[in-house]
Structures are given as C-alpha cells and as structure tokens.
Amino acid sequence: FRSLASRDGWLVARAQHAERDRCALMERVSAMASRLTEARPSHAQPDVRRLTRDLSHYRRRIYDLDYDAVELELGGFD
C-alpha cells in the first residue's frame, strides 16, 4: 500500500494508520518473544491469545485496504 501516496486521501490515511498499527504490533511481538523465554507458558497464554487476535484483525484490515485500492483503480462498482 505504499503506492497509495498519489491516490485518494482516505486510502492514504488508512495506509498510514495501518503502518502505525504494524509498528506497534511488531513491538508487541518482540516484547512477547522475550517474555516467553522468561515466563512460564501458562502465564503468558492470555497475552499470546490477545496478540494473535490483534494480528488477525490487522491482517483483515490490510486485505480490506488492498481490496479498496484495487476497487479504486478499477473504478468500483456502479
């Protein structure tokens, strides 16, 4: 979605928001990896579940963003 810079503003805003989300998720993944080496797995399980769910939601938003970009490029549905 980096090619959206010259596209419609609402897609650019969504792409920038997705990039911020990606950075935050990457930080959480790194923090979780270090926690898992130190903690018992059963103690980290709720956090791992939450992170997994958040990653799934992020993936869905990226798919939606890609779909909307293609729809914009092709002219959408009329």
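Residues numbered from 1 in each chain as written. Predicted model: local features only at pLDDT ≥ 70, side-chain atom pairs only at ≥ 80, totals over all residues. Heavy atoms only, no water.

J.: Outline the environment of Ala18, listing residues and values.
T.: Counting through the fold element by element, Ala18 comes out in helix 1 (residues 9-38). It is 7.6 Å that separates the C-alpha atoms of Ala18 and Tyr58, two residues lying 40 residues apart in sequence. (Helix = DSSP H or I, 4+ residues; strand = E, 2+ residues; numbered from the N terminus.)

J.: Provide a residue-level description of the nonpolar core, including the pertinent values.
T.: Membership of the largest hydrophobic core is limited to 6 residues, which are Ala18, Leu25, Met32, Leu51, Tyr58 and Ile62. Elements with a minimum of two residues in this core: helix 1 and helix 2 (41-74). (Core = buried A, V, L, I, M, F, W, Y, C linked by side-chain atoms within 4.5 Å. Buried < 20%, exposed > 50% of the residue type's maximum accessible area, 1.4 Å probe, protein only.)

J.: How would you sum up the pattern of salt bridges? Please name residues and give values.
T.: This model, assessed by the stated rule, comprises 7 salt bridges. In this structure, Arg14 and Asp68 form a salt bridge, with 2.5 Å as the shortest nitrogen-oxygen distance. Placement of Arg14 in helix 1 and of Asp68 in helix 2 is noted, with a sequence separation of 54 residues between them. By relative accessible area, which is 29% here, Arg14 ends up partly exposed. Between Arg50 and Asp54 there is a salt bridge, and its shortest N-O distance comes to 3.1 Å. Highlighted residues: Arg50 and Asp54, both in helix 2, separated by 4 residues, approximately one helical turn. (Salt bridge = Lys/Arg side-chain N within 4 Å of Asp/Glu carboxyl O.)

J.: Please give an account of helix 1 that cites residues and values.
T.: Under the 1.5 Å per step criterion, the end-to-end length of helix 1 is 44 Å for 30 residues, consistent within 8% with the ideal 44 Å. Taken together, the buried positions of helix 1 are Leu11, Ala15, Ala18, Asp21, Leu25 and Met32. (Expected span 1.5 Å × (residues − 1).)

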